[in-house]
Amino acid sequence: MSLPKRVVLVGPMGAGKSTIGRLLARELGYQFLDSDRLIEERCGANIPWIFDVEGEDGFRQRETAMLAELAEREGIVLATGGGAVMKPENHACLRKEAKIIYLRTSIEQQVERTRKDRNRPLLQNDNPEAVLRNLFAIRDPLYRQLADIVIHTDRKSPRLVVRQLINRL
Ligand code: S3P
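The name recorded for the protein chain in an unreviewed UniProt entry is Shikimate kinase, from Marinobacter mobilis. Per its UniProt entry, the protein chain bears the Catalytic activity (unreviewed entry) comment "shikimate + ATP = 3-phosphoshikimate + ADP + H(+)". According to the UniProt record, the Subcellular location (unreviewed entry) comment for the protein chain reads "Cytoplasm".

Describing the environment of E112
Positionally, E112 belongs in helix 5 (residues 107–114). According to the C-beta neighbour criterion, E112 is exposed, with 12 such atoms within 10 Å. C-alpha separation for the pair E112 and P141, spaced 29 residues apart in sequence, amounts to 22 Å.

A word on the site of the ligand
All residues in the neighbourhood of the ligand are listed as M13, K17, D36, I47, G81, G82, G83, R120, P121 and L122. Partitioned by chemical class, the residues of the shell around the ligand number four nonpolar, three polar and three charged.

Quick word on the packing of helix 5 against helix 6 (residues 128–146)
Helix 6 packs onto helix 5 with a crossing angle of 130° between their chain directions and a minimal axis gap of 10 Å. Relative to helix 6, the element helix 5 is oriented oblique. Regarding helix 5 and helix 6, the two cross each other, and that crossing is right-handed. Contacts between helix 5 and helix 6 involve I107, Q110, V111 and T114 on the former and, on the latter, P128, E129, L132, R133 and F136.

Quick word on the UniProt feature "binding site: ATP" (unreviewed entry) in the protein chain
Residues annotated in UniProt with the feature "binding site: ATP" (unreviewed entry) correspond here to G14, A15, G16, K17, S18, T19 and R120. With respect to the helices and strands, S18 occurs in helix 1 (residues 17–28). Given 15 C-beta atoms within a 10 Å radius, S18 is considered partly exposed. Aside from chain neighbours lying at most four places away, what touches S18 is D34 and A79. With respect to the helices and strands, T19 occurs in helix 1. Of the residues examined, T19 has 18 C-beta atoms within 10 Å and is grouped as partly exposed.

So, the UniProt feature "binding site: substrate" (unreviewed entry) in the protein chain
Mapped onto the present numbering, the UniProt feature "binding site: substrate" (unreviewed entry) falls at D36, R60, G82 and R139. Looking at the element boundaries, D36 is found in helix 2 (residues 35–43). The residues contacting D36, other than those within four sequence positions of it, are I47 and G81. On the secondary structure map, G82 appears in the loop between strand 3 (76–79) and helix 4 (88–95). Judged by local crowding, G82 falls into the buried class, with 23 C-beta atoms found within 10 Å. Residue contacts for G82: discarding those within four places in its chain leaves G11, P12, M13 and L135.

A word on the sheet that holds strand 5 (residues 149–152)
Pairing in this open sheet of five strands is parallel, and the strands run 2-3-1-4-5 from one edge to the other. Each having just a single partner strand, strand 2 (31–34) and strand 5 make up the two edges of the open sheet. Looking at each pair of strands side by side, their axes are set apart by 20° on average, direction ignored. Bridge analysis of strand 4 (residues 98–104) against strand 5 gives four bridges, and the strand direction is parallel. Within strand 5, the position partnered with I101 by the bridge is I149.

The rules behind these values
- Residue positions are given per chain, counting from 1 as you read along its sequence in written order.
- Note on the predicted model: pLDDT of at least 70 is required for a residue's local features to be given, and 80 or more for side-chain atom pairs to be given and counted; whole-chain, interface and lining totals, by contrast, use all residues.
- UniProt positions are given in the numbering used here, feature names are shortened, and annotations may be inferred rather than shown by experiment.
- Secondary structure elements follow DSSP: runs of H or I no shorter than four residues count as helices, runs of E no shorter than two count as strands, and numbering proceeds from the N terminus.
- Field definition: a residue is buried when 20 or more other C-beta atoms are found within 10 Å of its C-beta, exposed when 12 or fewer are, and partly exposed for counts in between, with C-beta atoms placed from the backbone.
- Proximity of a residue to a molecule or strand is defined by its backbone-placed C-beta atom lying within 6 Å of that partner.
- For this scheme, ten residues count as nonpolar: Ala, Val, Leu, Ile, Met, Phe, Trp, Tyr, Cys and Pro. Four count as charged, namely Asp, Glu, Lys and Arg, and the remainder, Gly too, count as polar.
- Axis angles are defined between N-to-C directions and span 0 to 180 degrees, where every axis is a line fitted to C-alpha atoms and, for a helix, only to the segment in contact.
- To sort the angles, those under 35 degrees are grouped as roughly parallel, those over 145 as roughly antiparallel, those from 65 to 115 as roughly perpendicular, and the leftovers as oblique.
- What makes a crossing left-handed is the near helix being turned counterclockwise from the far one by less than a right angle; a clockwise turn instead makes it right-handed.
- Any two residues are considered in contact once their C-beta atoms, placed from the backbone, lie within 7 Å.
- Note on pairing: DSSP must find at least two bridges between two strands before they are called paired.

Spelled out as structure tokens, the structure:
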């Protein structure tokens, strides 16, 4: 089996990118990286703080810079933020020598898995479900367009998703 140099996970908030990414990296003997956590480390502040102080635009600029940096790394499984696909200039960085996996997840599961979460500024409002639904309508076509592999994660354990993915890499 010849493995891709980089495996990149895309999909909405609550898709399980970090959990599945960590397990997949362990199975492949790759390093697991999470672009959101790296942005936070670089900035010395968490995502809600970045959104508060610099706005979503500020966060997106940091995200674009981080994805460009990470495009140079090999032997990694990268979990991206749900909005990483929104800027067309990010696409080449995501694609570079990578197999892109879209973790497709129903709105119900996204809602369930992000409930009580305080670290996602876009969902801190009265109707997070409506936000997730709107984002999904805009982003699902982009995730599909970029993905080499689309896998459904509803009603599957992270372990099962990883086993199914390894057979398809
Ligand atoms: C975002 C998703 C978050 C994070 C930020 C914005 C989005 O990442 O990047 O809060 O626009 O969907 P996760 O998908 O890992 O929650």
